[in-house]
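If you want the building blocks of each chain, they are given just below.
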Amino acid sequence: MINNDILRRLRYTFDLADTKIVSMFALVDVEVDAAEVTAWLKKDDDPWFKSCSDVKMATFLNGFIVARRGKKEGPTPVAEKQLDNNIVLRKLKIAMDFKSDDIQAVLQSAGLTISDHELSALFRKKGHKHYRECKDQILRNFLEGLRLKYRP
């Protein structure tokens, strides 16, 4: 999925103002300004639209985790240079403190049923023989299920 679309959906679901998003970046010691966040949230055909890089999206997700769960002792987590749907799903799972049953319930509320084996395959490391790539449809349904749960 496109990073900007994920950011838009999370912003709507959790009612995050631009200033709140900026503060989430600050939680992981990264500075962004409100104008940059606004440009990421614009529609794709808007002349002021700016693409959100993988590093910025990973940084936002790290800040989202800290905002929801609190800061851990030790060094600030380093943002991944390349982001895929599996990593996004894993970070959202951590931020929401979901177990596999919670994820399945969220997906089911959006109309997608997934087995325990399929779900665990999404969280395996790349290269593992049972690793499964998280397709856009799964992540899209997960984000929709979150919206239904937190902003019906």
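Source: prediction; values computed, not measured. (Residues numbered from 1 in each chain as written. Predicted model: local features only at pLDDT ≥ 70, side-chain atom pairs only at ≥ 80, totals over all residues. Heavy atoms only, no water.)

Novice: Hey, could you run me through the overall build of the protein chain in this one?
Specialist: Across its full length, the protein chain holds 8 helices and 0 strands. Listed N to C, the secondary structure of the protein chain is α-α-α-α-α-α-α-α in terms of helices and strands. Scaling as 2.2 N^0.38, a compact globule of 152 residues should have a C-alpha radius of gyration of about 15 Å, and the protein chain matches this with 15 Å. Taken along the three principal axes of its C-alpha coordinates, the protein chain extends 40 × 40 × 25 Å. Counting only residues that meet the buried cut, the protein chain has 39% of its 152 residues in that class. For the protein chain, long-range pairs separated by at least 24 residues make up 69% of all intrachain contacts whose partners lie at least 6 apart in sequence. Within the structure as shown, the protein chain displays about 8,800 Å² of accessible surface, and the carbon and sulfur contribution to it stands at 50%. (Helix = DSSP H or I, 4+ residues; strand = E, 2+ residues; numbered from the N terminus. Rg over C-alpha atoms; globule rule 2.2 N^0.38 Å. Buried < 20%, exposed > 50% of the residue type's maximum accessible area, 1.4 Å probe, protein only. Contact = heavy atoms within 4.5 Å. Areas by Shrake-Rupley, 256 points an atom, 1.4 Å probe, with all protein chains shown as cover.)

Novice: Looking at this structure, I do not really get the packing of helix α6 (residues 100-109) against helix α8 (residues 136-150). What am I missing?
Specialist: Helix packing for two helices is described by the angle between their axes and how far apart those axes are. For the pair α6 and α8, interaxial distance at closest approach is 7 Å and the crossing angle is 90 degrees. One element, α6, and the other, α8, form an angle in the roughly perpendicular class. On the side of α6, the interface is formed by I103, V106, L107 and S109, while α8 contributes I138, N141, F142, G145, L146, L148 and K149. Across the contact of α6 with α8, the residue classes tally to 7 nonpolar, 3 polar and 1 charged. (Axes fitted to C-alpha atoms, helices over the stretch in contact; angles between N-to-C directions. Parallel < 35°, antiparallel > 145°, perpendicular 65-115°, else oblique. Nonpolar A, V, L, I, M, F, W, Y, C, P; charged D, E, K, R; others polar.)

Novice: How do you make sense of the pattern of salt bridges when you look at a structure like this?
Specialist: Close approach of charged atoms allows side chains with opposite charge to pair. Scanning the entire structure with this criterion turns up 13 salt bridges. R69 serves as the salt-bridge partner of D97, at 3.8 Å between the closest nitrogen and oxygen. In this pair, D97 is assigned in the loop between α5 (85-96) and α6 and R69 in helix α4 (residues 54-69), connecting sequence segments 28 residues apart. For R69, a relative accessible area of 46% translates into the label partly exposed. Here the salt bridges do not stand alone but share partners, grouping D5, R8, R9 and D44 into one network. (Salt bridge = Lys/Arg side-chain N within 4 Å of Asp/Glu carboxyl O.)

Novice: Looking at this structure, how should I read the nonpolar core?
Specialist: The nonpolar side chains of a soluble globular protein tend to be buried with one another. Formed by 42 residues in total, the largest nonpolar core has its most connected members in L10, M57, F60 and F142. Broken down by secondary-structure element, the contributors of at least two residues to this core are α1 (3-13), α2 (18-27), α3 (34-41), α4, α5, α6, α7 (116-122) and α8. Non-local contacts of F142, meaning those with residues more than four positions away in its chain, are made with L89, L92, F98, I103, V106 and L107. (Core = buried A, V, L, I, M, F, W, Y, C linked by side-chain atoms within 4.5 Å.)

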